[in-house]
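A structural walkthrough
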Amino acid sequence: MAILFGFFPVLIFLGCLFLLDSFKLVRVRWLIFCLIWGLLTTAMAYLLNTWSASLFDFDFKALSLYVAPVTEELLKAVFLFIMVTRRQIGFMIDAAIYGFAIGTGFALAENTWYYLHLGEGFDVLLAIVRGFGTAIMHGGTVAIFGMVLIERAQRSTSLFSGTSIGLVSAIVIHSLYNHFMVSPLLQTLLIIVILPVVFYMVFMATNNHLQKWLEVAFSSEIDMLRMIRKGQLKDTRAGNYLTSLKEHFDPEVLVDMYCYFSLYLELSIKAKRNLLLKESGFPVMLEPDIKSKLKEIRLLRKKIGKAGELALLPLVRMQHRELWELNQLENQ
Amino acid sequence: MNVTRTNIDDYLVVGLQGRLDTIQADAVEKTMLEILDQEHTRIILDCKEMDYISSSGLRILLIVQKRMLAVSGTLKLCNLQPSIQEIFDISGFSMIFTILPDLKTALKD
């Protein structure tokens, strides 16, 4: 019975988060990788904590309150950070789910260790505190790190601020949890009540944001591409802007910039269409020429260089979400 | 946006008039779900008087298509204005829906 309380709450919580992902942003393959990473980090954290305790002569209290939160959160965050840099995560929803999965893996391994180590001592009460409280805290902290990181990544090209704010938040929450300022059962109750509400609110807000983004961007990109295909771009503000760049760039570079803009619109529309299809439960569509077009847009990006990309910023804001979008086409 | 319903032959012809955008999407979705709940298995969406569609509108059409596929029903779109047809073509949605030039062809086909 105790083992059920120790293992299932966090898995059920993860399952609920997965079901809330209406745009199907999360891929099962990556979710499994996250769980495995979480499992592995338990062993790494154990070794690191034991090593640092013997090296710096920390007692158990210092280790639990200040050292373990740092090492564990750092280790758990590594994989999520890599996923963000590889544009595998685009929104707070997938960041939270993948993050929670890492924490789930960690908590499952940690609770297994406790169960095997304590034997009869792993009673129902301890299982409830560890299963409902500690395990969900482990998932929650990585999810928070992921949400902060992705939120910052969408605003800036540097991941430094997101990484530092996200990590500090995760470490502080973990450390505060380990302080047990109120009784463990009350703390567990607070986690069970607060965290789902927070996640639900974040998910709803992100879903609304995603729908608005799709609504605005999809229509305007189609309008723009339609103008390009009809040769009417020059009559638009975007066309006027491109024309104004004549004075600053060589004609060949301008042609590449025009092609880059046009190709970006085409690919971006297809990526958004696939999001809509996934949301409605349809399989995504992949035109046979997608791969070559993705290759082309990368080459064009290189050719126009940083200066060209900066000049095109009012038309193509190639930041995290846009790169994620193109990456989605590549990996489907 | 106005949604009209007419029974012609074996089909329920649903006329969409106006803009199918975010503002109208909820109301149209509700109407379409009501229609689907009446277990019609052959539906034609007559878009003759639909002059705008956004991603919210496309989402509704996808929901209808999904439900129709689940009951092995038929959903056809007809009379798309050129600008709307272009949206379907550019985005690739024209490969997902059966789009016919006019109502007569849709009823025959």
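Residues numbered from 1 in each chain as written. Chains lettered and ligands numbered in written order. Predicted model: local features only at pLDDT ≥ 70, side-chain atom pairs only at ≥ 80, totals over all residues.

**Comments concerning the domain arrangement of chain A**
Residue and element names in this part refer to chain A. Heads up, the condition is: For the purposes of this description, domain bounds are those given by an automatic or database domain assignment. By the criterion used throughout, residues are in contact when their C-beta atoms, derived from the backbone, lie within 7 Å. Residues are sorted three ways: Asp, Glu, Lys and Arg are charged, Ala, Val, Leu, Ile, Met, Phe, Trp, Tyr, Cys and Pro are nonpolar, and all the rest, Gly among them, are polar.
In terms of domain boundaries, chain A breaks down into domain 1 (2–204) and domain 2 (231–331). Once you take the C-alpha centre of each, domain 1 and domain 2 turn out to be 37 Å apart. Contacts between domain 1 and domain 2 engage eight residues on the former and nine residues on the latter. The residue makeup of the side of domain 1 that touches domain 2, split by class, is two nonpolar, four polar and two charged.

**Description of helix α5 (residues 124–153) of chain A**
Residues and elements named next belong to chain A. Stated formally: Numbering of helices and strands starts at the N terminus; helices are DSSP runs of H or I of at least 4 residues and strands are runs of E of at least 2. One fewer than the residue count of a helix, multiplied by 1.5 Å, yields its expected span. Note on bend: the value at a residue is the angle between axes fitted to the seven residues ending there and to the seven starting there. Working definition of burial: number of other C-beta atoms within 10 Å of the residue's own, with buried at 20 or more, exposed at 12 or fewer, and partly exposed in between, all C-beta atoms being placed from the backbone.
With 30 residues, α5 ought to run about 44 Å at 1.5 Å a step, and its terminal C-alpha atoms sit 42 Å apart, in line with that. The axis of α5 is deflected most strongly, by about 30 degrees, at R130. Across the 30 residues of α5, 25 count as buried, placing the element largely inside the fold.

**Some points on the interface of chain A and chain B**
Taken residue by residue, the interface counts 18 residues in chain A and 17 residues in chain B. When residues of the side of chain A that touches chain B are traced back to their parent elements, those giving at least two are α7 (184–229) and α9 (251–279) of chain A. The element best represented in the side of chain A that touches chain B is α7(A), accounting for seven residues. Here the residues of the side of chain A that touches chain B sort into nine nonpolar, three polar and six charged.

**Digging into the packing of α5(A) against helix α6 (residues 160–179) of chain A**
Residue and element names in this part refer to chain A. The following threshold applies: Helix axes use the C-alpha atoms of the stretch in contact, all axes being lines fitted to C-alpha atoms, and the angles between their N-to-C directions lie in the range 0 to 180 degrees. Angle categories are assigned with fixed cut-offs, so that under 35 degrees is roughly parallel, over 145 is roughly antiparallel, 65 to 115 is roughly perpendicular, and the rest are oblique. What makes a crossing left-handed is the near helix being turned counterclockwise from the far one by less than a right angle; a clockwise turn instead makes it right-handed.
Between α5 and α6, the shortest axis-to-axis distance is 8 Å and the interhelical angle comes to 160 degrees. Judged by the inter-axis angle, α5 sits roughly antiparallel to α6. Here the hand of the crossing between α5 and α6 comes out right-handed. Side by side, α5 and α6 meet where M137, T141, V142, I144, F145, V148, L149, E151, R152 and A153 of the first sit next to S161, G162, T163, I165, G166, L167, S169, A170, I173, H174 and Y177 of the second. For the contact of α5 with α6, a count of residues per class yields twelve nonpolar, seven polar and two charged.

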